[in-house]
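Chain residues, written in single-letter form:
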Amino acid sequence: GENVEQHPSTLSVQEGDSAVIKCTYSDSASNYFPWYKQELGKGPQLIIDIRSNVGEKKDQRIAVTLNKTAKHFSLHITETQPEDSAVYFCAASISASYGKLTFGQGTILTVHP
Amino acid sequence: NAGVMQNPRHLVRRRGQEARLRCSPMKGHSHVYWYRQLPEEGLKFMVYLQKENIIDESGMPKERFSAEFPKEGPSILRIQQVVRGDSAAYFCASSKLEGEQFFGPGTRLTVL
């Protein structure tokens, strides 16, 4: 089955700096890659996703890149703010319409004011 | 438009008791998924259901765990004869056929 590896496990940045989180996946059939933000005591919230027919997607300060050949994808957050502090999870699925998501282990992002 | 609702938010059970976790999907969503999150770990897929059908239960433990999504009412994740290792946060998500999964706030199960 699919295996998703996520790095780093913790990331500490200063406010205004950029943050990058990287994930690799094993199943070449995967073609849907969402990113979730989880705040303490809450459920994960989708922040951005990308499908395999796209190499990059951007939404304001957040961007995701996908390299299908190398089977890795990354989350980029620019101009970080303290409210970006949370746990971020990457995930992979064979399809956006088939629900089984395989999650990475998570990255604890801390943004220092 | 209410989001995914889960109850109870916190559940304490003694070893050997039964735990029932409920999930009401978002309005218009007919697909429900259950995930388990152990402390400081990522979410692990358990089961994927549509109304009255189990589509994929490949992540469900073979014994003591069951799930249903009846024609009427919420989806239920049932854990019989709980053990300490069942202590975790259980998240439900829902979606339409094509689209993102929206997660509920989770049920935190503690087994004493």
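Provided above is the structure to which this section pertains.
Since the structure is predicted, the reported quantities are computational estimates derived from the model, not experimental observations.

### Considering the overall build of chain A
The helix and strand tally for chain A stands at 0 helices and 11 strands. Here chain A has a C-alpha radius of gyration of 13 Å; the compact-globule value for 113 residues is 13 Å, and the two agree. Taken along its principal axes, the extent of the C-alpha atoms in chain A is 40 × 30 × 20 Å. By residue count, 45% of the 113 residues in chain A fall in the buried class. Here the analysis covers contacts within chain A between residues at least 6 apart in sequence; of these, 55% occur between residues at least 24 apart. By element, 49% of the accessible surface of chain A is carried by carbon and sulfur atoms, the whole surface being about 5400 Å².

### Notes on the overall build of chain B
For chain B, the count of helices and strands is 0 helices and 11 strands. When the elements of chain B are put in sequence order from the N terminus, they spell out β-β-β-β-β-β-β-β-β-β-β. Scaling as 2.2 N^0.38, a compact globule of 112 residues should have a C-alpha radius of gyration of about 13 Å, and chain B matches this with 13 Å. Each principal axis of the C-alpha distribution contributes one length, and for chain B these read about 40 × 25 × 25 Å. Relative to its 112 residues, chain B shows a buried fraction of 43%.

### Here we look at the nonpolar core
By size, the foremost hydrophobic cluster in this structure holds 24 residues, and its most contacted members are W35, F73, L75, Y88 and L109 of chain A. Mapped by element, the contributors of at least two residues to this core are β2 (10-14), β3 (19-25), β4 (32-38), β5 (45-51), β7 (62-67), β8 (72-77), β9 (86-92) and β11 (107-112) of chain A. Those residues within four positions of Y88 of chain A in sequence are excluded, and the remaining contacts are Q6, I21, Y36, K37, I47, L75, I77, G106, T107 and L109 of chain A. Core analysis: the second largest hydrophobic core is formed by 23 residues, M60, F65, C92 and L109 of chain B among them.

### Thoughts on the environment of L40 of chain A
Residues and elements named next belong to chain A. In this structure, L40 sits in the loop between β4 and β5. The class of L40 is exposed, set by a relative accessible area of 86%. When the C-alpha atoms of L40 and F89 are compared, they prove to be 13 Å apart, with 49 residues separating the residues in sequence.

### A few points about the sheet that holds strand β8 (residues 75-79) of chain B
Residue and element names in this part refer to chain B. Spatial ordering of the open sheet is given by β1-β3-β8-β7, a layout of 4 strands whose pairing is antiparallel. Each edge of the open sheet carries a strand with a single partner, namely β1 (5-7) and β7 (65-68). Between one strand and the next, the sheet's axes are offset by a mean angle of 15°, whatever the strand orientation. Sheet topology places strand β3 (residues 19-24) next to β8; 5 bridges connect them, and they run antiparallel. Across the sheet, the residue bridging to L21 is L77, located in β8.

### What to know about the interface of chain B and chain A
Each side of the interface is counted separately: chain B has 22 residues, and chain A has 18 residues. Taken together, the two surfaces of chain B and chain A that pack against each other cover about 1500 Å², and 52% of this comes from carbon and sulfur. One can count 5 residue pairs in polar contact (both at pLDDT 80 or more) joining chain B with chain A. At the level of secondary structure, the elements contributing two or more residues to the side of chain B that touches chain A comprise β4 (31-37), β5 (43-50) and β6 (53-56) of chain B.

### Focus on the packing of aromatic side chains
Overall, the coordinates contain 12 aromatic pairs over all chains when judged by the stated rule. Measuring from ring centre to ring centre gives 6.0 Å for Y25 of chain A and F73 of chain A, while their planes differ by 55°; the resulting arrangement is tilted. Residue Y25 of chain A is located in strand β3, and its partner F73 of chain A is located in strand β8; the two are separated by 48 residues in the primary sequence. The exposure class of Y25 of chain A is buried, given its relative accessible area of 5%. For F73 of chain A, a relative accessible area of 0% puts it in the buried group. A centroid spacing of 5.6 Å and a plane angle of 90° characterise the contact between F103 of chain A and Y35 of chain B, whose relative ring orientation is edge-to-face. Within this pair, whereas F103 of chain A is found in strand β10 (residues 102-103), its partner Y35 of chain B is found in strand β4, the two belonging to separate chains. Of the two residues examined, F103 of chain A and Y35 of chain B, each falls in the buried class. Cluster of aromatic residues (ring-pair linked, three or more members): Y36, F89 and F103 of chain A together with Y35, F45 and F103 of chain B.

Cut-offs and rules
Residues numbered from 1 in each chain as written. Chains lettered and ligands numbered in written order. Predicted model: local features only at pLDDT ≥ 70, side-chain atom pairs only at ≥ 80, totals over all residues. Heavy atoms only, no water. Helix = DSSP H or I, 4+ residues; strand = E, 2+ residues; numbered from the N terminus. Rg over C-alpha atoms; globule rule 2.2 N^0.38 Å. Buried < 20%, exposed > 50% of the residue type's maximum accessible area, 1.4 Å probe, protein only. Contact = heavy atoms within 4.5 Å. Areas by Shrake-Rupley, 256 points an atom, 1.4 Å probe, with all protein chains shown as cover. Core = buried A, V, L, I, M, F, W, Y, C linked by side-chain atoms within 4.5 Å. Pairing = 2+ DSSP bridges. Axes fitted to C-alpha atoms, helices over the stretch in contact; angles between N-to-C directions. Buried area = accessible area lost by both parts, 1.4 Å probe. Polar contact = N/O pair within 3.5 Å; in protein donor to acceptor, adjacent residues only side chain to side chain. Phe/Tyr/Trp six-rings, centres within 6.5 Å; stacked < 30°, edge-to-face > 60°.

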